[in-house]
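Take a look at the letters that make up each chain.
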Amino acid sequence: MAAPLAPDERDAAVAGLIGWAVSADGKAIARTFKFGDFVEAFGFMAKVALAAEKIDHHPDWSNSYNRVEISLTSHDAGGVTRRDIDLAGTIDRLAGA
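- Looking up the protein in an unreviewed UniProt entry gives the name Putative pterin-4-alpha-carbinolamine dehydratase, with the organism given as Bauldia litoralis.
- One UniProt comment on the protein, placed under Sequence similarities (unreviewed entry), says "Belongs to the pterin-4-alpha-carbinolamine dehydratase family."
- The UniProt entry for the protein carries the following comment under Catalytic activity (unreviewed entry): "(4aS,6R)-4a-hydroxy-L-erythro-5,6,7,8-tetrahydrobiopterin = (6R)-L-erythro-6,7-dihydrobiopterin + H2O".

**Focus on the nonpolar core**
Consideration 1: Grouped together as the largest cluster of nonpolar side chains are 19 residues, with contacts concentrated most on W20, I29, F44, I70, L72 and I91.
Consideration 2: Contributing elements (two or more residues each) for this core: α1 (7-15), β2 (29-34), α2 (38-55), β4 (67-72) and α3 (82-95).
Consideration 3: Beyond its immediate sequence surroundings of up to four residues, F44 is in contact with F33, F35, V68, I70, I91, L94 and A95.

**Here's the deal with the packing of α2 against α3**
Consideration 1: The interhelical angle for the contact between α2 and α3, taken along N-to-C directions, is 145 degrees, at an axis separation of 10 Å. As for the relative orientation of α2 and α3, their crossing is right-handed in sense. Contacts from F44, K47, V48, A51 and I55 in α2 reach R83, L87, T90, I91, L94 and A95 in α3.
Consideration 2: Broken down by class, the residue content of the contact of α2 with α3 amounts to eight nonpolar, one polar and two charged.

What counts, and at which threshold
Residues numbered from 1 in each chain as written. Predicted model: local features only at pLDDT ≥ 70, side-chain atom pairs only at ≥ 80, totals over all residues. Heavy atoms only, no water. UniProt positions renumbered as here; feature names shortened; annotations may be inferred. Core = buried A, V, L, I, M, F, W, Y, C linked by side-chain atoms within 4.5 Å. Buried < 20%, exposed > 50% of the residue type's maximum accessible area, 1.4 Å probe, protein only. Helix = DSSP H or I, 4+ residues; strand = E, 2+ residues; numbered from the N terminus. Contact = heavy atoms within 4.5 Å. Axes fitted to C-alpha atoms, helices over the stretch in contact; angles between N-to-C directions. Left-handed = near helix turned anticlockwise from the far one by under 90°. Nonpolar A, V, L, I, M, F, W, Y, C, P; charged D, E, K, R; others polar.

Given below as structure tokens:
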């Protein structure tokens, strides 16, 4: 199990990502993605699901029509780890950010 990043490490890592923010409790990072329609949003979710499965690290997320809200945390570590930052970067690339 990886240790959670220290707040300054977490904040610096998130600053290098596009549109991600630290949750109010500091234990997760989150971002909302908007797409042209439901099919585009769902296709994005399928790509993220495959990438997440490869690294055995899965997002908490929800979908409403063309919007996908994603929250990343390492539940076993009790906060944000390097795995969350790396997955956020992968998600950004899949979104074309």
